[in-house]
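For reference, the chains in residue letters:
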Amino acid sequence: MGYEKRSRSSGGPLHRPRPHVGHYPNGGRPDRHPLSDLRPKVGGLMSPMPRCTVVSFGYGHGPAPEADVIIDLRELLHRPLPTALRTMDGHDTCIKHWVENTPGAWAVINGVVDMVRAILAEAPHRNVQVAVGCTGGRHRSVVVAEKIGRGLEQSGYLVEVDHRDMHRALVA
């Protein structure tokens, strides 16, 4: 469906040159996902599908990005990471397992998915931005952002997941 994983190695904004408008049907503009122009028909009218962007980040690399919902995992899901896992990132199976088994992890994930669903129930044409942060942006925030993205995708939303700081240096 509408799920896309993206990573970037710098803290700067993503930059992708936009092709000339003439290359797109009906003068439309490209969006981040190739399926973004698919829209459900409601009563014969075209209505945009709700979009959600979930960004993982590390407070040790800068402030939280601008978002509608900001989740700070530094204290919420804090437990010491085993030394052997520190050099891994949130895409590694060991890290996923470690985060998923942290007490309260699924309550946070499901709570954020429910919160975004509630926001979109009130404003269905809105694009919701969710930022999930931990200390370094490599472990907890990556796994939780991916799980939130999957939960929103399963709810029928177009979702993009971005990992702002995953490839940056470890924070002490």
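These numbers come from a predicted model, not from an experiment.

Colleague: Describe in detail the pattern of salt bridges, supporting the description with residues and values.
Modeller: By the definition in use, this model includes eight salt bridges. Taking the shortest distance from any N to any O, the salt bridge between Lys 147 and Glu 100 comes out at 2.8 Å. You can see Lys 147 sitting in helix α4 (residues 140-154) and its partner Glu 100 sitting in helix α2 (residues 93-100), a full 47 residues away along the chain. Given a relative accessible area of 22%, Glu 100 falls into the partly exposed group. Its salt-bridge partner being Asp 114, residue Arg 117 comes within 3.3 Å of it at the nearest N-O pair. A residue pair is termed a helical-turn pair when its members lie 3 or 4 positions apart in one helix, as Arg 117 and Asp 114 do in helix α3 (residues 105-122) at three residues. Shared partners join several salt bridges into a network, and the residues in it are Arg 164, Asp 165 and Arg 168.

Colleague: Quick one: what's the story with the confidence of the model for the protein chain, residue by residue and with numbers?
Modeller: Segments scoring low in pLDDT should not have their predicted coordinates read at a detailed level. Looking at the protein chain, the pLDDT average stands at 79 and 72% of residues meet or exceed 70. Counting interchain partners and residues more than four positions distant, the pLDDT-below-50 stretch residues 7-47 has 54 contacts.

Colleague: Explain the packing of α2 against α4 residue by residue, including any values.
Modeller: Two elements in contact, α2 and α4, have axes separated by 9 Å at closest approach and are oriented at 80 degrees. In this view, α2 runs roughly perpendicular relative to α4, as classed from their interaxial angle. Two secondary-structure elements touch here, α2 through Ile 95, Lys 96, Trp 98, Val 99 and Glu 100 and α4 through Arg 140, Val 143, Val 144 and Lys 147. For the contact of α2 with α4, a count of residues per class yields five nonpolar, no polar and four charged.

Colleague: Now, about the environment of Met 49: what can you tell me, with residues and values included?
Modeller: Relative to the helices and strands, Met 49 resides in the loop between β3 (45-46) and β4 (51-58). In this structure the C-alpha to C-alpha distance between Met 49 and Pro 124, which are 75 residues apart in sequence, comes to 8.1 Å.

Colleague: Pulling in residues and values, what's your account of the packing of aromatic side chains?
Modeller: The description of two aromatic rings rests on the distance between their centres and on the angle between their planes. Applying the stated rule across the entire model yields one aromatic pair. Each ring, one from Phe 57 and one from Tyr 59, has its centre 4.8 Å from the other, and the planes form 65 degrees; the classification is edge-to-face. Residue classification places Phe 57 among the buried residues on the basis of a relative accessible area of 0%. In this structure, Arg 74 packs its charged tip against the face of Tyr 59, placed 3.6 Å from the ring centre.

Colleague: Pulling in residues and values, what's your account of the pairing of β4?
Modeller: The buried fraction of β4 amounts to eight of the eight residues, a majority that puts the element mostly inside the structure. Of the two faces of β4, the one carrying Arg 51, Thr 53, Val 55 and Phe 57 and the one carrying Cys 52, Val 54, Ser 56 and Gly 58 are both buried. Examined bridge by bridge, β4 and strand β6 (residues 127-134) share eight bridges and lie parallel to one another. In the sheet register, Gly 58 faces β6, and the bridge partner there is Cys 134. Summarising the sheet, β4 and strand β7 (residues 158-163) pair through six bridges and their orientation is parallel. Each bridged residue has a counterpart across the sheet, and for Thr 53 the counterpart in β7 is Glu 160.

Colleague: Explain the environment of Glu 160 residue by residue, including any values.
Modeller: As for its placement among the helices and strands, Glu 160 is situated in strand β7. Under the relative-accessibility criterion, Glu 160 is labelled buried at 2%. Taking the C-alpha atoms as reference points, Glu 160 and Arg 150, separated by ten residues in sequence, lie 9.8 Å from one another.

Colleague: Go over α4 with me, naming the residues and quoting the values.
Modeller: With 15 residues, α4 should reach 21 Å at 1.5 Å per residue; the first-to-last C-alpha distance of 21 Å fits that figure. A large share of α4 lies buried, amounting to twelve of its 15 residues. Taken residue by residue, α4 has Arg 140, Ser 141, Val 142, Val 143, Val 144, Ala 145, Glu 146, Ile 148, Gly 149, Gly 151, Leu 152 and Glu 153 as its buried positions. Where α4 ends, the next residue or the one after it, Gly 156, has phi of about 100 degrees, a positive value.

Procedures and definitions
Residues numbered from 1 in each chain as written. Predicted model: local features only at pLDDT ≥ 70, side-chain atom pairs only at ≥ 80, totals over all residues. Heavy atoms only, no water. Salt bridge = Lys/Arg side-chain N within 4 Å of Asp/Glu carboxyl O. Helix = DSSP H or I, 4+ residues; strand = E, 2+ residues; numbered from the N terminus. Buried < 20%, exposed > 50% of the residue type's maximum accessible area, 1.4 Å probe, protein only. pLDDT = per-residue confidence, 0-100. Contact = heavy atoms within 4.5 Å. Axes fitted to C-alpha atoms, helices over the stretch in contact; angles between N-to-C directions. Parallel < 35°, antiparallel > 145°, perpendicular 65-115°, else oblique. Nonpolar A, V, L, I, M, F, W, Y, C, P; charged D, E, K, R; others polar. Phe/Tyr/Trp six-rings, centres within 6.5 Å; stacked < 30°, edge-to-face > 60°. Lys NZ or Arg CZ within 6 Å of the ring centre and 35° of its normal. Pairing = 2+ DSSP bridges. Expected span 1.5 Å × (residues − 1).

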